[in-house]
Every structure is written in structure tokens, then in C-alpha cells.
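Observations on the three-dimensional arrangement
Listed below, chain by chain, are the residues.
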Amino acid sequence: MRYLIALTLALTQVYLIHGWCTTAGGIGEYSKKCPTSVDFEACFARCQCYDANDNPTHERDALCLMDTCYCVFDACPYGRLKTSPICCTKITGGASITCDNYPEEC
């Protein structure tokens, strides 16, 4: 009977697993990869762009592909991360938080 209760509790916990998000650190770097402890997807980061003399010029959204956010691209050739990339799990279904439904205001 004790094993049946333990199995029921374990299955209930597995059913309740939802997606979640975290930050990856890396402020001041040219790019940052999401942690590898879980299957994360890079959602959003902000870049500070600089001119060739290292003077700040403007800000842009980072280019986030797969599990990495990049700050060096055409619109920001000398960019560095101003914010930590937001990384969300790739779990889908139910009330899971992913990059697709992460709040736009954040």
C-alpha cells in the first residue's frame, strides 16, 4: 500500500511539471548561451550598441536563435548585452511558459 501511495504522488508531481523561465547572465558579453541543465530556448535580451571608438550609440533587441542571444549583427556591429537573456523551457501544453507566450511587457 505504501508503494502505491508513493507511486501516485510521484505521478502527480510529474503531471504538474510546467515550463519556466530564468536568466542566463552574461551582461557585457557579445553573446550568451542559455544554461544547459534543462532544454532551454533563448527568448529575449537587450543590446547596447557602440561605434568603432567604443562610444554607446543606441539600443536594440538581441538576435536570439535556438539557445543563444547575439548582440553583434548588422544593426549593431559593436554590441554587447545590456540585459541577461531570458531563457524558457521548451515544454509545451497546458499552462507552460515558453518563448511563444512569455509576457510582451517584460
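Above this text is the structure in question.
Now for a quick tour of the structure. (Residues numbered from 1 in each chain as written. Predicted model: local features only at pLDDT ≥ 70, side-chain atom pairs only at ≥ 80, totals over all residues. Heavy atoms only, no water.)

With that settled, consider the nonpolar core. With 13 residues, the main nonpolar core has Cys34, Ala45, Cys47, Ala62, Cys69, Cys71 and Cys87 as its most contacted residues. At the level of elements, β3 (40-44) and β4 (46-50) are the ones that each hand at least two residues to this core. Not counting chain neighbours up to four residues away, the residues in contact with cysteine 71 comprise Tyr30, Arg46, Cys47, Ala62, Cys76, Gly79, Arg80 and Leu81. (Core = buried A, V, L, I, M, F, W, Y, C linked by side-chain atoms within 4.5 Å. Buried < 20%, exposed > 50% of the residue type's maximum accessible area, 1.4 Å probe, protein only. Helix = DSSP H or I, 4+ residues; strand = E, 2+ residues; numbered from the N terminus. Contact = heavy atoms within 4.5 Å.)

Another aspect to go through is the sheet that holds β4. Spatially, the three strands line up as an open sheet ordered β5-β4-β8, and their pairing is antiparallel. Across the chains shown, the open sheet's two edge strands, defined by having one partner strand only, are β5 (56-61) and β8 (78-81). The average undirected angle you get between the axes of adjacent strands in this sheet is 30°. (Pairing = 2+ DSSP bridges. Axes fitted to C-alpha atoms, helices over the stretch in contact; angles between N-to-C directions.)

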